[in-house]
Amino acid sequence: MKVIVLSILVVLLGLTLLQAGTIKGVVKDADTEEPLIGANIVLKGTGMGATTDMDGFFLMRNVPEGDYTLEAGYVGFNEYQETISVGAGDFDMDISLKQMVYSGSEITILADRAKPRETPVAYSNVEKKEIQARLGSRDIPLVLNTTPSVYATYNGGAAGDSRISIRGFNQRNVAVMINGIPVNDMENGWVYWSNWDGLGDATNSLQVQRGLSAVNLATPSIGGSMNIITDPNAQNFGLLFKQEIGNDGFLKSTISGNSGLINGKYAINASVVRKIGDGLVDKTWTDAWAYYVGASWNVNKNHRLEAYFMGAPQRHGQNYYKQNIGAYSHDFAKKLDDYDPAALEEFPQSKSGLNYNQTWNTVSSSYTGEQYWNGQRSDRFDSGFINERENYYHKPLGNVNWYANLTEKLNLYTTVYYSGGMGGGSGTLGSLRWDYDSEPTRIADWDATIARNAAADTSRGILRNSVNNQWTIGAISKATYNFTEKFTGTFGVDWRTAEIEHFREVRDLLGGKYYYDDTNDLDVGTQRLKFLGDRIDYNNTNTVDWLGFYGQGEYKTGMLTAYGMAGYSMIKYTYTDHFQHEANGDEFKLESDWINGVQVKGGANYKLTPELDIFGNVGLVSKVPIFDEVISDVDGSLADDPKNEKFTNLEAGANYRAFAGRLVLKGNIYYTIWNDKTLTRNIRKADNSEALIFISGLDSRHAGVEFEGAYQPNRLVRLDAAASFGNWLYTNDVSGIYKDYDNPTNPDIEYTYYLKDLKIGDAPQVQFIAGATVFPIRGLQAQLLYRYYANHYADWDSESRQDPDDRAQSWKVPNYGVLDFHALYDLPINLKGVRFQVFLHVFNVLDTEFITDAIDNSAYNAYRDDNGDIVNPHKADAAEVYFGLLRTFTSGIQISF
């Protein structure tokens, strides 16, 4: 394959093209005069075109003499057209694009996208050109590691398992949207990035708003919001094929097609992605597809329709368990001052080193047992090994948007969406044979387990699937009314409903004929013998109903933009256990009351000079608890009086632009108080029923300073920098009494959690990012990007701090820096409108060893004495960790016309 690609390139480079005229110029924002990166320039009807670089510059060579219609387009801006006459020599031009105005207001098909010098929030944009230059087929969150207070990791190294935190808040407190549609899990708020694998190829823009953000859904975003934008109108006519290769068998093929805007009315774009690879970490293979279709129809000057449909059916091997540092590398452990050398005797180093993965082992090829997943029997992924942990899922998302100008003053935006989901993850159940000698931690001995099960017919230990099948439908509608030239009001509704099935099923009997399971209280006798695909262990259906309303006012003059917003939401949960039944035979059900939440926020931006603007915002949020904090689907208990978490946020900052946008500086401070962080307890009430209670009073503070800067002194060099300094900690101890009638003679339970001044873990509180990009010749750019992280405290359980003498901070992860390299080259070839680009991404160029994720005082992998007590609490040998990936690369070629 490599030889063929190189041969094609050599032949193409040897072609001599007829030299004619050259068209060159710069594309800028008409209002800010900033260069527009990634704008598309085409000569209508010829297939010839170019894309602007980091300086907004474009160049088209070898243009035959004649008259042409030149078109320029950029997402969110009006299209530009000009008739030009090209002769021999250079044709110079400057193009200014105006932001799109539709139905009397600026369209941000970008769903509440912050606008420069207007929206009073801290935000960062990553446009399509930057995504192409830096993402390198990784999970989308990883391209955001260049923005302050944003921390994204591979979370074990498997494709799709990444995580992201903003300002010390994890994904549950970050609103993630695709084209304005919320995609956080309806039960727990988490985001599973494997569901959106391949979306990076269709993304036109990605914006992160830190803090409460200006997103005006009824959904509160505490840490921040991410909006991933695709748009069929933003693409010019053309086809694209991209072939990528990388380390460890990585192979990815992408085909995309764009119609461009046809007759000023219709546009459609689509892409299909195929990705496979073995993974750098042991057996973290991936086998994935992705698809995307977007279409738009400008019905008339007052109405526009859009439709999107996307999904990413995939399966991949996971690295599910963190390990003691010594299990990965004795040399690394020895360099740590707080790692006890005696712990190395308990944790021998794995043969795979930093690529160790506990959740797989080889299996004899003579074992031909089938596996069951997604409703059908299937062969194993590989006949030579079995993954204990495999994830498989497909969650399509479809939506239809309607933009309408109802009157000169009233505009309406409505979207209706559907998201399905089918899949789950595998694991073990019952009693297996384990191998304690081959690796530092136990691994499944598949051959011994299969032999034992086969000899007894009954499978004592099996592989199971934990299935999560679901559907969500929703609608978001926003009406905007221009009361005056300066004041605009927006009113909206956000409705969603979801049903989620949770159950386990037999995935692989591992040599036996059946598995015995008695969790369904209606099963008797042979009904308790379970076969491939039968449901076992638990079988629940949950529902989530959500309804929210908001109103927002915006006041705008030439120098000042100010807004205020208030939102109200209500949520209700139900739980049905299909394995447990009441005395009358009905299935056991729980239903919460409607739980109400509110948010109020506002801010202002003021332009002090043409170059400098300042902003500030404030917000108050009362956030409803997630499903698991209201209903426990472990024992079927319901919270009698669920408590909301409360957030208060203050933020102020400034933005400076000079030299026609060549110098950009941004800075801000933030202060967030989190009151009544949820702590729950399962208790037994006086009537012998089970319930959840809320322990209130746990408070924390997230405060910090953020900075971003970019400077491009000339066409050859661009410098970027970002930094953030956080101080995230708990502000108080928590004490109280609750009643638990498990012990009816003494039901009063006293508790105290000693948390005051302990740092919040799971993300570095200090970050530095620096990048340098060079453009030595037209079409070629190369970038070095360095990231440095410090003050990263390991994640820890606040409920574990019940000893008044235990006031030590959680273990601090060693500071680290990592260097990445990115390069792409638009080859100086235009073969009848066919263009070629080659690219290379090298991540962790210096092959640095570093820890990205850690848990303090591990329940499984801490160094312990003979009594099972942790020898060195809050030290390196008591933690379990994930290492970052060693050096990896992807490279390839893109062919477009």
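Residues numbered from 1 in each chain as written. Predicted model: local features only at pLDDT ≥ 70, side-chain atom pairs only at ≥ 80, totals over all residues. Heavy atoms only, no water.

(A) Structural context of the overall build of the chain. Scanning the chain for helices and strands turns up 6 helices and 58 strands. For 897 residues, the compact-globule estimate of 2.2 N^0.38 gives 29 Å, and the chain sits close to it at 29 Å. Its C-alpha atoms give the chain principal-axis dimensions of roughly 90 × 65 × 55 Å. Put simply, of all contacts in the chain between residues at least 6 apart along the chain, 68% involve residues at least 24 apart. In the chain, the 80 positive side-chain charges and the 111 negative ones have mean positions that sit 6 Å from each other. (Helix = DSSP H or I, 4+ residues; strand = E, 2+ residues; numbered from the N terminus. Rg over C-alpha atoms; globule rule 2.2 N^0.38 Å. Contact = heavy atoms within 4.5 Å. Lys, Arg positive; Asp, Glu negative; His and termini not counted. Charge placed at Lys NZ, Arg CZ, Asp CG, Glu CD.)

(B) Examining the packing of aromatic side chains more closely. A full pass over the atoms with the stated rule returns 26 aromatic pairs. Both rings, one in Tyr816 and one in Phe850, keep their centres 4.5 Å apart while their planes meet at 15 degrees; by these two values the pair is stacked. Of this pair, Tyr816 sits in strand S54 (residues 816–826) while Phe850 sits in the loop between strand S55 (835–843) and strand S56 (851–855), and the two are 34 residues apart along the sequence. Among the aromatic residues, those joined into a ring-pair cluster are Tyr151, Tyr789, Tyr816 and Phe850. Directly above the aromatic system of Phe503 lies the positively charged group of Arg535, at a separation of 3.6 Å from the ring centroid. Looking at Lys677, its charged tip hangs above the ring of Trp674, at a distance of 4.9 Å from the centre. (Phe/Tyr/Trp six-rings, centres within 6.5 Å; stacked < 30°, edge-to-face > 60°. Lys NZ or Arg CZ within 6 Å of the ring centre and 35° of its normal.)

(C) Structural context of the pairing of strand S32 (residues 461–482). Of all 22 residues in S32, 17 are buried, a share of seventy percent or more. Here strand S29 (residues 410–430) runs beside S32; their pairing, made up of 19 bridges, is antiparallel. Looking at the pairing, Tyr418 lines up with Ile473 of S32. With 20 bridges joining them, S32 and strand S33 (residues 487–508) adopt antiparallel strand pairing. If you follow Trp471 over to S33, its bridge partner there is Glu499. (Buried < 20%, exposed > 50% of the residue type's maximum accessible area, 1.4 Å probe, protein only. Pairing = 2+ DSSP bridges.)

(D) Structural context of the pairing of S33. Most of S33 sits out of view: 16 of its 22 residues are buried. Between S32 and the antiparallel strand that follows it, S33, lie 4 residues. For S33 and strand S36 (residues 535–556), the ladder comprises 19 bridges, and the chain directions are antiparallel. Across the sheet, the residue bridging to Ile500 is Asn542, located in S36.

(E) Local environment of the pattern of salt bridges. Summed over the entire model, instances satisfying the criterion amount to 29 salt bridges. For the salt bridge of Asp613 with Arg657, the shortest nitrogen-to-oxygen distance reads 3.4 Å. Highlighted residues: Asp613 in strand S40 (residues 612–623) and Arg657 in strand S43 (residues 645–658), separated in sequence by 44 residues. Each member of the pair, Asp613 together with Arg657, is buried. Where Arg718 meets Asp720, a salt bridge forms, and the shortest distance between an N and an O atom there is 2.9 Å. Given the relative accessible area of 22%, Asp720 is considered partly exposed. (Salt bridge = Lys/Arg side-chain N within 4 Å of Asp/Glu carboxyl O.)

(F) Here's a closer look at the nonpolar core. The biggest cluster of nonpolar side chains holds 31 residues, and the ones touching the most others in it are Leu144, Ile178, Trp193, Trp196, Leu206, Met226 and Met310. If we ignore the near neighbours within four places in the chain, the residues touching Leu206 are Ser124, Asn125, Val126, Ile131, Ile140, Val143, Leu144, Met226, Asn227 and Ile228. One finds Tyr328, Trp811, Val881 and Leu886 within the second-largest nonpolar core, a separate group that totals 27 residues. (Core = buried A, V, L, I, M, F, W, Y, C linked by side-chain atoms within 4.5 Å.)

(G) Focus on the sheet that holds strand S15 (residues 205–210). Taken in spatial order, the 5 strands make up an open sheet running S10-S15-S16-S13-S14, and their pairing is mixed. On the outer flanks of this sheet lie strand S10 (122–127) and strand S14 (181–182), each paired with one strand and no other.

(H) Helix H6 (residues 446–456), seen in detail. For H6, the full list of buried residues reads Trp446, Thr449, Ile450, Arg452 and Asn453. Along the axis of H6, the buried residues cluster in a sector spanning 165 degrees; they form a single face. On its buried face, H6 sits against strand S23 (360–362), strand S26 (385–387), S29, strand S31 (443–444) and S32. Backbone geometry just after H6 places Asp457 at a positive phi near 65 degrees. (Arc of directions from axis to C-beta.)

(I) Structural context of the side chain of Asn399. One can find Asn399 in strand S28 (residues 397–405). Reaching out from Asn399, the side chain makes a polar contact with the side chain of Asn401 at a distance of 3.0 Å. Contact partners of Asn399, with chain neighbours within four places excluded, come to Ile181, Glu306, Ala307, Tyr308, Thr415, Val416 and Tyr417. (Polar contact = N/O pair within 3.5 Å; in protein donor to acceptor, adjacent residues only side chain to side chain.)

(J) Seen up close, unusual backbone geometry. The backbone of Arg167 sits at a positive phi, close to 55 degrees, despite the residue not being glycine. Tracing the backbone through its elements, the reader meets Arg167 in the loop between strand S12 (163–166) and strand S13 (174–178). A relative accessible area of 1% places Arg167 in the buried class. Positive phi outside glycine occurs at Asp847, with the angle close to 55 degrees. With respect to the helices and strands, Asp847 occurs in the loop between S55 and S56. For Asp847, a relative accessible area of 32% puts it in the partly exposed group.

(K) Spatial organisation of the side chain of Gln171. Note that Gln171 resides in the loop between S12 and S13. You can call Gln171 buried: its relative accessible area is 0%. Not counting residues within four places of it along the chain, the set of residues in contact with Gln171 comprises Ser162, Arg163, Ile164, Asn184, Gly189, Trp190, Val191 and Trp193.

(L) Layout of a negative patch on the surface. Taken together, the side chains of Glu345, Glu346, Asp865, Asp866 and Asp869 define an acidic patch exposed on the protein surface. Structurally, the position occupied by Glu346 is in helix H5 (residues 343–346). Relative accessible area serves as the criterion here: at 49%, Glu346 is assigned to the partly exposed category. (Patch = residues over 30% accessible without salt bridge, like charges linked within 9 Å, V, L, I, M, F, W, Y side chains within 5 Å. Areas by Shrake-Rupley, 256 points an atom, 1.4 Å probe, with all protein chains shown as cover.)

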